[in-house]
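So the chains spell out like this:
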Number of protein chains: 2
Amino acid sequence: MPVYLNGAYLDKAAARVSVDDRGFLFGDGVYEVTRARAGRLFAGDRHLLRLERGMQELELRWPEGLDAAGLAAVSERLLRENDLGEGDAMVYVQITRGGEGTPRTHVFPGPGTPPTVYAAASRFTPPDDARTRGAAAITVPDLRWGRCDLKTIQLLPNVLAKQRAAAAGAYDAVQVRDGIVTEGAHTNVFALLGGVLRTHPAGPRILPGITREIVLELARELELTTSEEPIPAAELPRAAEVFFTGTTTDVMPVVRLDGHALGGGRPGPVAGQLQAKLLERLHATTTGVTPAGR
Amino acid sequence: MPVYLNGAYLDKAAARVSVDDRGFLFGDGVYEVTRARAGRLFAGDRHLLRLERGMQELELRWPEGLDAAGLAAVSERLLRENDLGEGDAMVYVQITRGGEGTPRTHVFPGPGTPPTVYAAASRFTPPDDARTRGAAAITVPDLRWGRCDLKTIQLLPNVLAKQRAAAAGAYDAVQVRDGIVTEGAHTNVFALLGGVLRTHPAGPRILPGITREIVLELARELELTTSEEPIPAAELPRAAEVFFTGTTTDVMPVVRLDGHALGGGRPGPVAGQLQAKLLERLHATTTGVTPAGR
């Protein structure tokens, strides 16, 4: 299974980074996970835009000879070389500040230090069983840092939240900061409250999820009333529907929260409609076939 | 220059970790930096206790055949093999959740997955020139997560704070959360206010620095009045003395803050006394010679 590391395509077992790498020592890097279908990236441009915004904020630079378009080409080549030209797949890309051969110090290494670029493609099975039944969730305190809008590898709080969810038999954890629902450990959170589909506004407290953005667009196409306004955690139990969104999640209805039934304990119609529209767009984009009526 | 990686001593250029390593992908690990002198670790037991507490909180386990005492032996061997049997040195150790060959997912990998243990020793030159002149500092917002008491590799906010300090010609950044001085990017902060030596209380908002702890002990030996009570950032400019403490910092007087002179613009006597006492203890511990009067 070839992966890409700093210009080379090699077997994953051979893909190794220096112990000096600032990804390994400081969590000093950004990443993206992009969905693919039929060998083509879904919303690839949006993922690359977000990646480049993160790089800019962290003053990370592309290595010589690579840019966003080049990384898209790398991703597509990985899909081909891993026999992922059909069906669902995902591509992981990560860029760290590198640092091989430099002394460990918090300060950025010299401007000539090349970043580390890693990419890998793998088969992906959408969690459709959980979607049909509806997922369980737990609430946890949001312990993350002040720049959750950047998709960095500062993921330990997310790891701990997701682990707690998994230990409780839940799909994901709903993170709560100052009484407000921010997002899941690897998803955004939506709630249908008083007929309005709400999700946390973009800003430093949440990741601006690509699927979140697309779902908001699809909701408007469905003529649903949407509002990017904070959801108090105390209001979640009386939401008509709650769902997670994410690249490897799509739209996932939540039917239990902290052990109590949510939204009647069954997946709701709005989540179902949005999931159908999302799949329609995914298929249309990746096959080039425009769905009827658009 | 041999380093230690997962049971082997090898040249640093050969010390490489899998791209699957959760240190590289998630910042999922803990670390310690320990001072050494004359080939012996200073306060090694305290560093290992803190490391083990962090491991416990993150549910990280020692690999088969290694424990805290074993890691101390590894550290001492690295000092010897790197010709650091004399003078000042430091030992870096890091333990991540490993993960080679496991799929990337936030949830912990199976219990059989060995952690990654990395250690390296290097020459260390105490920043005595800056100490003599007194250091500059800047204040920055504290953007870190909610478990700053754990010495994890979630260090990107610290990196960004230190980089801002360096760009401003300062030694370190004083991080401020909700108007309160928490700590530096890689140091703790003390201030002498109204005759009382104050530093932020231990708890989730600061790292319980080993040097911080020793400096508090030394201050009591000097019969100074100490108080672990939060310091409002607004009070810093009128402190008689402000100083950083840390393993690679010792006691560093701060004489400029955000471009304004602090404590008369010269290193103060309390910082000087504490630095002298700290060196005394460092030398006594690492040579086995008990200083007079103890």
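Residues numbered from 1 in each chain as written. Chains lettered and ligands numbered in written order. Predicted model: local features only at pLDDT ≥ 70, side-chain atom pairs only at ≥ 80, totals over all residues. Heavy atoms only, no water.

**Some words on the packing of helix α2 (residues 44–58) of chain A against helix α3 (residues 68–81) of chain A**
Residues and elements named next belong to chain A.
- Closest axis-to-axis distance for the α2/α3 pair is 10 Å, and the angle between their directions is 130°. By the angle between their directions, the pair α2 and α3 is classed as oblique. Relative to α3, the crossing made by α2 is right-handed. Facing α2, whose interface residues are L48, L51 and E52, α3 presents A68, L71 and A72.
- Among the residues making up the contact of α2 with α3, the classes are represented as five nonpolar, no polar and one charged. (Axes fitted to C-alpha atoms, helices over the stretch in contact; angles between N-to-C directions. Helix = DSSP H or I, 4+ residues; strand = E, 2+ residues; numbered from the N terminus. Parallel < 35°, antiparallel > 145°, perpendicular 65-115°, else oblique. Left-handed = near helix turned anticlockwise from the far one by under 90°. Contact = heavy atoms within 4.5 Å. Nonpolar A, V, L, I, M, F, W, Y, C, P; charged D, E, K, R; others polar.)

**Quick word on the packing of aromatic side chains**
- Here the structure, examined in full by the defined rule, presents 12 aromatic pairs over all chains.
- Judged by centre distance (5.6 Å) and plane angle (25°), the ring pair of Y31 of chain A and Y92 of chain A falls under stacked. You can see Y31 of chain A sitting in strand β4 (residues 29–37) and its partner Y92 of chain A sitting in strand β6 (residues 88–96), a full 61 residues away along the chain. Taken individually, Y31 of chain A and Y92 of chain A each receive the classification buried, so the pair is uniform in this respect.
- Here the aromatic rings of Y92 of chain A and Y118 of chain A are separated by 6.1 Å at their centres, their planes lie at 55°, and the arrangement is tilted. Of this pair, Y92 of chain A sits in strand β6 while Y118 of chain A sits in strand β7 (residues 116–123); the two residues are 26 residues apart in sequence, bridging distant segments of the chain. As far as the burial class goes, Y92 of chain A and Y118 of chain A line up, both buried.
- Aromatic rings pair up to connect F24 of chain A together with Y31, Y92 and Y118 of chain B into one cluster.
- Taking NZ or CZ as reference, R77 of chain A lies 3.6 Å from the ring centre of Y9 of chain A, over its face.
- Stacked on the ring of F108 of chain B, the Lys or Arg R97 of chain B has its end atom at 3.6 Å from the ring centre. (Phe/Tyr/Trp six-rings, centres within 6.5 Å; stacked < 30°, edge-to-face > 60°. Buried < 20%, exposed > 50% of the residue type's maximum accessible area, 1.4 Å probe, protein only. Lys NZ or Arg CZ within 6 Å of the ring centre and 35° of its normal.)

**Looking at α2 of chain A**
- For α2 of chain A, spanning 15 residues, the distance from its first C-alpha to its last is 21 Å, which sits close to the expected 21 Å at 1.5 Å a residue.
- Looking only at α2 of chain A, the buried set comprises G44, H47, L48, R50, L51, G54, M55 and L58 of chain A. Relative to the axis of α2 of chain A, the buried residues are bounded by an arc of 160° and lie together on one face. Opposite the buried face of α2 of chain A, at more than 90 degrees from it, the exposed residues are D45, L49 and Q56 of chain A.
- Buried positions along α2 of chain A lie against β4, β5 (40–41), α3, β6 and α6 (210–221) of chain A together with α5 (156–167) of chain B.
- E59 of chain A sits one or two residues past α2 of chain A and shows a positive phi near 55°. (Expected span 1.5 Å × (residues − 1). Arc of directions from axis to C-beta.)

**What about the relation of the copies chain A and chain B?**
- Mapping chain A onto chain B calls for a screw motion: a turn of 180° about the axis and a shift of 0.0 Å along it, with 0.0 Å RMSD after fitting. Both copies are brought into coincidence by an operation consistent with a two-fold rotation axis.
- Both copies present the same face, since 100% of the interface residues in chain A are matched by interface residues at the equivalent positions in chain B. (Least-squares fit on C-alpha atoms with pLDDT ≥ 70 in both.)

**Thoughts on unusual backbone geometry**
All names here are of chain B.
- Phi at A43 is positive, roughly 55°, even though this residue is not glycine.
- With respect to the helices and strands, A43 occurs in the loop between β5 (40–41) and α2 (44–58).
- According to the relative accessible area criterion, A43 is buried, its value standing at 15%.
- One non-glycine residue, D250, lies in the positive phi region at around 55°.
- Following the sequence through the fold, D250 ends up in strand β16 (residues 250–257).

**Quick look at the interface of chain A and chain B**
- Residue-level contacts link 49 residues of chain A with 49 residues of chain B.
- Surface buried jointly by chain A and chain B totals about 4300 Å² across both partners, of which 66% is contributed by carbon and sulfur atoms.
- Between D20 of chain B and K12 of chain A there is a salt bridge, with the nearest N and O atoms lying 2.8 Å from each other.
- Here chain A is connected to chain B by 21 residue pairs in polar contact (both at pLDDT 80 or more). (Buried area = accessible area lost by both parts, 1.4 Å probe. Salt bridge = Lys/Arg side-chain N within 4 Å of Asp/Glu carboxyl O. Polar contact = N/O pair within 3.5 Å; in protein donor to acceptor, adjacent residues only side chain to side chain.)

**A look at the pairing of strand β11 (residues 188–193) of chain A**
Residue and element names in this part refer to chain A.
- Among the six residues of β11, six are classified as buried, and the element is accordingly described as predominantly covered.
- Side-chain alternation along β11 places N188, F190 and L192 on one buried face and V189, A191 and L193 on a second face that is also buried.
- Sheet topology note: the β11/strand β15 (residues 241–246) ladder contains five bridges and is antiparallel. Among the inter-strand pairings, F190 is bridged to a residue of β15, identified as F243. (Pairing = 2+ DSSP bridges.)

**What to know about the confidence of the model for chain A**
Residues and elements named next belong to chain A.
- In the predicted model, chain A carries a mean pLDDT of 96, and 98% of its residues have values of at least 70.
- Scored below 50 in pLDDT, residues 290–294 shows five contacts in the model against residues more than four places distant or in partner chains.
- Prediction confidence for the complex, expressed as pTM and ipTM, is 0.96 and 0.96 respectively. (pLDDT = per-residue confidence, 0-100.)

**A word on the environment of E241 of chain B**
All names here are of chain B.
- With respect to the element layout, E241 can be found in strand β15 (residues 241–246).
- A residue is classified by how much of its surface remains accessible, and E241, at 7% relative accessible area, is buried.
- Polar side-chain contacts of E241 include one of 2.8 Å to the backbone nitrogen of V270.

**Some details on the pattern of salt bridges**
- Considering all chains together, one arrives at 52 salt bridges over all chains under this definition.
- Of the charged contacts, one joins R220 of chain A and E228 of chain A as a salt bridge, the two residues approaching to 3.9 Å between their closest N and O atoms.
- Of the residues examined, R220 of chain A reaches a relative accessible area of 44% and is grouped as partly exposed.
- Among the salt bridges present, the one from E81 of chain B reaches R77 of chain B, with a minimum N-O distance of 2.8 Å. With E81 of chain B and R77 of chain B both in helix α3 (residues 68–81), this residue pair falls four residues apart, about one helical turn.
- Its relative accessible area of 37% is what places E81 of chain B among the partly exposed residues.
- The exposure class assigned to R77 of chain B is partly exposed, which follows from its relative accessible area of 31%.

**Focus on the sheet that holds β7 of chain A**
Residue and element names in this part refer to chain A.
- Taken in spatial order, the six strands make up an open sheet running β2-β1-β7-β6-β4-β5, and their pairing is antiparallel. The sheet is open, and its two borders are formed by β2 (8–11) and β5, each paired with just one other strand.
- Of the strand pairs in this sheet, β4 and β6 are connected by nine bridges, and their pairing is antiparallel. Along β6, the bridge assignment pairs R35 with M90.
- On top of the sheet, α2 reaches β4, β5 and β6; it is set at about 180° to β4, its chief contact.

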